[in-house]
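Take a look at the letters that make up each chain.
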Amino acid sequence: MDLNDAVLTCAVNLQWTNATGTVGRKLAYRTATLRLVRNDIRELFIECTPDKVKPMKFKMKDIMVHKKFMSEGKASVNFKAEKCAMYLSNAPPGTLMFFLRTIFIKMNGAKKRRYDEIKGGSDKSGLPAPKKLYQESPMDTEEGLKLCQEQMDVLKACISGKSIFFTGSAGTGKSFLLRKIISALPPDGTVATASTGVAACLIGGVTLHAFAGIGGGDATLQRCYELASRPANAQAWRKCKRLIIDEISMVDGQYFDKIEAVARHIRRNDRPFGGIQLILCGDFLQLPPVIKREESSSQTPPQRFCFQSAAWEKCIEYVYELKEVHRQSDPEFVSILNHLRIGHINDDITKRLKTTSKQKIEGNGILATQLCSHTNDANSINESKLENLPSEKILFRAEDSDPTMTKQLDSQVQAPSQLYLKIDAQVMLLKNINISSGLVNGARGVVVRFEKGVPVVRFKNNTEYFCKHEKWIIKTPNGGTVTRRQVPLKLAWAFSIHKSQGLTLDCVEMSLSKVFEAGQAYVALSRAKSLDSVRILDFDPKQVWANPQVLQYYKLFRRRLHDTTMIPLGAKNKEEKKKTGDASSALAKIKKSLMSKPLVSIS
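From a predicted model like this one, the values you see are computed outputs, not experimental measurements. (Residues numbered from 1 in each chain as written. Predicted model: local features only at pLDDT ≥ 70, side-chain atom pairs only at ≥ 80, totals over all residues. Heavy atoms only, no water.)

S.K.: Would you take a moment to explain the pattern of salt bridges for this structure?
M.R.: Oppositely charged side chains are able to pair whenever their charged atoms sit close together. Per the stated rule, a full pass over the model turns up 15 salt bridges. When the shortest N-O distance is used, the salt bridge between Lys 314 and Glu 260 registers 4.0 Å. Placement of Lys 314 in helix α12 (residues 310-315) and of Glu 260 in helix α10 (residues 253-267) is noted, with a sequence separation of 54 residues between them. Residue class for Lys 314 comes out partly exposed when judged on its relative accessible area of 44%. Here Lys 393 and Glu 387 are joined by a salt bridge, their closest N and O atoms 2.9 Å apart. Judged by relative accessible area, Lys 393 falls into the partly exposed class, the value being 35%. Among the residues examined, Glu 387 registers a relative accessible area of 48% and is labelled partly exposed. Three or more residues joined by partner-sharing salt bridges are found here, namely Glu 260, Arg 264 and Lys 314. (Salt bridge = Lys/Arg side-chain N within 4 Å of Asp/Glu carboxyl O. Helix = DSSP H or I, 4+ residues; strand = E, 2+ residues; numbered from the N terminus. Buried < 20%, exposed > 50% of the residue type's maximum accessible area, 1.4 Å probe, protein only.)

Shown next, in the form of structure tokens:
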């Protein structure tokens, strides 16, 4: 590990204590850069360089690190010999973790391999392992996973302050990248939101509706101004510098226009979105916004999608498309999914998918999870199957930090407030416990026994796991947090397509004859890890389609990429001018907005 890589920029407060233990000298810097450096005799120091101030060095000897609030970008380092305490705040959590981990490794004279061994327990000498430097968090389970080049390009654009939208097919690591982006940004002023509660929980954020403070956006614009002007809502808008929205495809265009106008009004700033940097993520070829009943009579409701809104063209500077699929490794399956995504089904694909209807995917006592298009159907199947098991039913009740928030936790957290289990119950893991061992979010298993008050589950890969309680944390719009502790399991005879968000299913059966939305068949099939792990019943190619407006949007920004990379700068030739002149007037507005933005597709 290179010391040059361990650089941290954050707010720094320094306090020195005198002989009587009282605080004497104090220094506070809104921004300072910390580095690990060595002197000529190889002694290690933390160098602190505030803006426009001479660097200060603190010897790394007999120090104590406090990291309880590291996930919030806060930590402290006590230099006992110098009687100085260094308080760090507003640090990007991911960078802070790396910086403190480097200190840990250097202070213990250990290589990273040795650090990984220590992390699990005691060392070979039999002595207790040193106290772990940081608590478990979602970043821990993913720390071994690195960003690929196309993901790194998106991260750099976000750090540089660009307002961007990045998209990609299912399995390209959008949510993973979003968590990395959040961990790389200063917590102060960064607001992570998502259009759905489940997506918000996955990135440790709040729902967009809860943050915006205008409810469902059904009121008039003037009424939305009034709702957002309430003290707590207005303060949240004014503090926001970077707004992250996951699953942007499920936010309708009219709502997007309203919150953009609200942002300008509350912040008293006429720049697009009131000067807030936008980081939007989603795939418009997956689940679309829900149509309100009064709009459902119209086949093409106005501004259904965000990219059709007036605000979109003003606010988004760059568009990126991720193309490297990480969830599925089989080229044939990836190719089929890419065709389903755009609604292109040929005879070969139909034949291949129909052959899965006869394949046996069960094994080791694990039955296939039935993926349903409606949540109520999935719940009914699970309850019926559980009741039919002969063994005793055991209740696992969640521990919520705020009992009044149970309903909200139920809507945002996959883990239920009450979970009834029996021996032989089919279950699904709801946390990434150990990626290398296959204990990941979506892994399928069966309850084999109960031991010491917790269920023991055997998974499809024959791994047995004692399912101790895990913690889920959701944020509230005012910046607080609410936690739920529960065993990380859910009944898995059946699951709804909407609730499968963020899951990679390794044993799934689906019927695609009842899908009712564009992209729903694609979303369902893309949850599967491989063609060998899925069984598709009554496949009908007519049930696979993509929204034509979305297809046109993607086609136009890809064409823009082609034009900017393949055609020399300067006047277009006559043929190109003719093609431009022949463009349909219905698409002129969308094309104008797209062509005015730098759109980046990463291959």
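S.K.: So what exactly am I meant to see when it comes to the pairing of strand β11 (residues 242-246) here?
M.R.: Each regular strand shows side chains that alternate between the opposite faces of the sheet. Burial within β11 is extensive, with 5 of its 5 residues counted as buried. Neither face of β11 is exposed, since Arg 242, Ile 244 and Asp 246 on one face and Leu 243 and Ile 245 on the opposite face are all buried. Relative to β11, strand β9 (residues 190-194) runs parallel, the two being bridged by 5 bridges. Within the sheet, the bridge partner assigned to Thr 193 lies in β11 and is Ile 245. Crossover connection from β11 via α10 to parallel strand β12 (residues 277-281): handedness right-handed. (Pairing = 2+ DSSP bridges. Right-handed = clockwise from strand over helix to strand, strands pointing away.)

S.K.: So what exactly am I meant to see when it comes to helix α8 (residues 221-228) here?
M.R.: The α-helix advances 3.6 residues per turn, and as a result positions three or four apart in sequence lie on the same side. Cys 224, Tyr 225, Leu 227 and Ala 228 are the residues of α8 that are buried. Taken around the axis of α8, the buried residues stretch over an arc of 165°, which confines them to a single face. In this structure, the buried side of α8 is in contact with α7 (208-212), α9 (231-239) and α10. (Arc of directions from axis to C-beta. Contact = heavy atoms within 4.5 Å.)

S.K.: Looking at this model, I keep getting lost on helix α1 (residues 93-107). Mind explaining?
M.R.: Across its 15 residues, α1 extends 21 Å between first and last C-alpha, which sits within 8% of the 21 Å expected from 1.5 Å per residue. Three or more residues of α1 are buried, namely Pro 93, Leu 96, Met 97, Phe 99, Leu 100, Arg 101, Thr 102, Ile 103, Phe 104 and Ile 105. (Expected span 1.5 Å × (residues − 1).)

S.K.: Is there a simple way to explain the environment of Ala 310 in this structure?
M.R.: One can find Ala 310 in helix α12. According to the relative accessible area criterion, Ala 310 is partly exposed, its value standing at 37%. As a C-alpha pair, Ala 310 and Glu 260 span 50 residues in sequence and 9.7 Å in three-dimensional space.

S.K.: Please explain the pairing of strand β19 (residues 444-451) as it appears in this structure.
M.R.: For strand β18 (residues 426-429) and β19, the ladder comprises 3 bridges, and the chain directions are antiparallel. Within the sheet, the bridge partner assigned to Val 427 lies in β19 and is Gly 445. As paired elements, β19 and strand β20 (residues 454-459) share 6 bridges and run antiparallel to each other. Residue pairing in the sheet places Phe 450 in a bridge with Pro 455 of β20. The hairpin turn running from β19 into β20, its antiparallel successor, is 2 residues long, and Lys 452 in that turn takes a positive phi close to 55°.

S.K.: Help me understand the side chain of Thr 356 in this model?
M.R.: Among the secondary structure elements, Thr 356 is positioned in the loop between α14 (347-355) and β14 (369-372). Using a relative accessible area of 0% as the deciding quantity, one classes Thr 356 as buried. Beyond its immediate chain neighbours, meaning those up to four positions away, Thr 356 contacts Leu 531, Val 534, Arg 535 and Ile 536.

S.K.: What exactly am I supposed to notice about the packing of helix α13 (residues 331-341) against α14 here?
M.R.: Packed helices, taken two at a time, are described by their axes: the angle between them and the distance between them. Their axes nearest at 11 Å, the elements α13 and α14 cross at an angle of 120°. Once α13 is placed against α14, the crossing between them reads as left-handed. Facing α13, whose interface residues are Glu 332, Ile 336, His 339 and Leu 340, α14 presents Ile 349, Arg 352 and Leu 353. Split into classes, the residues belonging to the contact of α13 with α14 amount to 4 nonpolar, 1 polar and 2 charged. (Axes fitted to C-alpha atoms, helices over the stretch in contact; angles between N-to-C directions. Left-handed = near helix turned anticlockwise from the far one by under 90°. Nonpolar A, V, L, I, M, F, W, Y, C, P; charged D, E, K, R; others polar.)

S.K.: Sorry, what's going on with the nonpolar core here?
M.R.: One recurring pattern in soluble globular proteins is that nonpolar side chains are buried together. By size, the foremost hydrophobic cluster in this structure holds 44 residues, and its most contacted members are Phe 165, Trp 237, Ile 248, Phe 256, Phe 273, Phe 284 and Trp 312. With near-sequence residues (within four places) excluded, Trp 312 lies in contact with Phe 165, Ile 248, Phe 256, Leu 280, Phe 284, Cys 306, Phe 307 and Tyr 553. By size, the runner-up hydrophobic cluster in this structure holds 31 residues, among which are Phe 495, Met 510, Ala 521 and Tyr 522. (Core = buried A, V, L, I, M, F, W, Y, C linked by side-chain atoms within 4.5 Å.)

S.K.: Would you mind showing me how to read the sheet that holds strand β2 (residues 23-38) here?
M.R.: The pairing of strands in a sheet comes from backbone hydrogen bonds and takes either a parallel or an antiparallel form. Here 7 strands make up an open sheet; going across it, the order is β4-β3-β2-β1-β7-β6-β5 and the pairing antiparallel. Of all strands in the sheet, those with a lone pairing partner are β4 (56-59) and β5 (63-66), marking the two edges. Neighbour-to-neighbour, the strand axes of the sheet open up by a mean angle of 30°, direction not taken into account. Two elements, strand β3 (residues 44-50) and β4, share 4 bridges in a ladder whose sense is antiparallel. Its bridge partner being in β4, Cys 48 is matched across the sheet by Met 56.

S.K.: Can you help me understand the sheet that holds β20 in this one?
M.R.: Ordered by their spatial adjacency, 5 strands build an open sheet running β21-β20-β19-β18-β24, and the pairing between neighbours is antiparallel. Of all strands in the sheet, those bounded by a partner on one side alone are β21 (464-466) and β24 (489-491). In this sheet, neighbouring strand axes are inclined to one another by 45° on average, regardless of whether the strands run parallel or antiparallel.

S.K.: Would you mind showing me how to read the side chain of Thr 33 here?
M.R.: Considering the arrangement of structural elements, one finds Thr 33 in strand β2. Judged by relative accessible area, Thr 33 falls into the buried class, the value being 17%. Looking at Thr 33, its side chain comes within polar contact range of the side chain of Thr 9, at 3.4 Å. (Polar contact = N/O pair within 3.5 Å; in protein donor to acceptor, adjacent residues only side chain to side chain.)

S.K.: Help me understand the packing of aromatic side chains, please; the structure alone is not making it clear to me.
M.R.: Any aromatic ring pair is given by two values, namely how distant the centres are and how the planes are angled relative to each other. For the structure shown, the criterion picks out 17 aromatic pairs. Note on Phe 58 and Phe 79: the rings are 5.2 Å apart at their centroids and 25° apart in plane angle, and the pair reads as stacked. Here the residue Phe 58 occupies a position in strand β4, and Phe 79 occupies one in strand β6 (residues 75-79), the gap between them amounting to 21 residues. Given the relative accessible area of 2%, Phe 58 is considered buried. You can call Phe 79 buried: its relative accessible area is 1%. For the ring pair Phe 396 and Phe 450, a centre distance of 6.0 Å and an interplane angle of 25° mean the geometry is stacked. (Phe/Tyr/Trp six-rings, centres within 6.5 Å; stacked < 30°, edge-to-face > 60°.)

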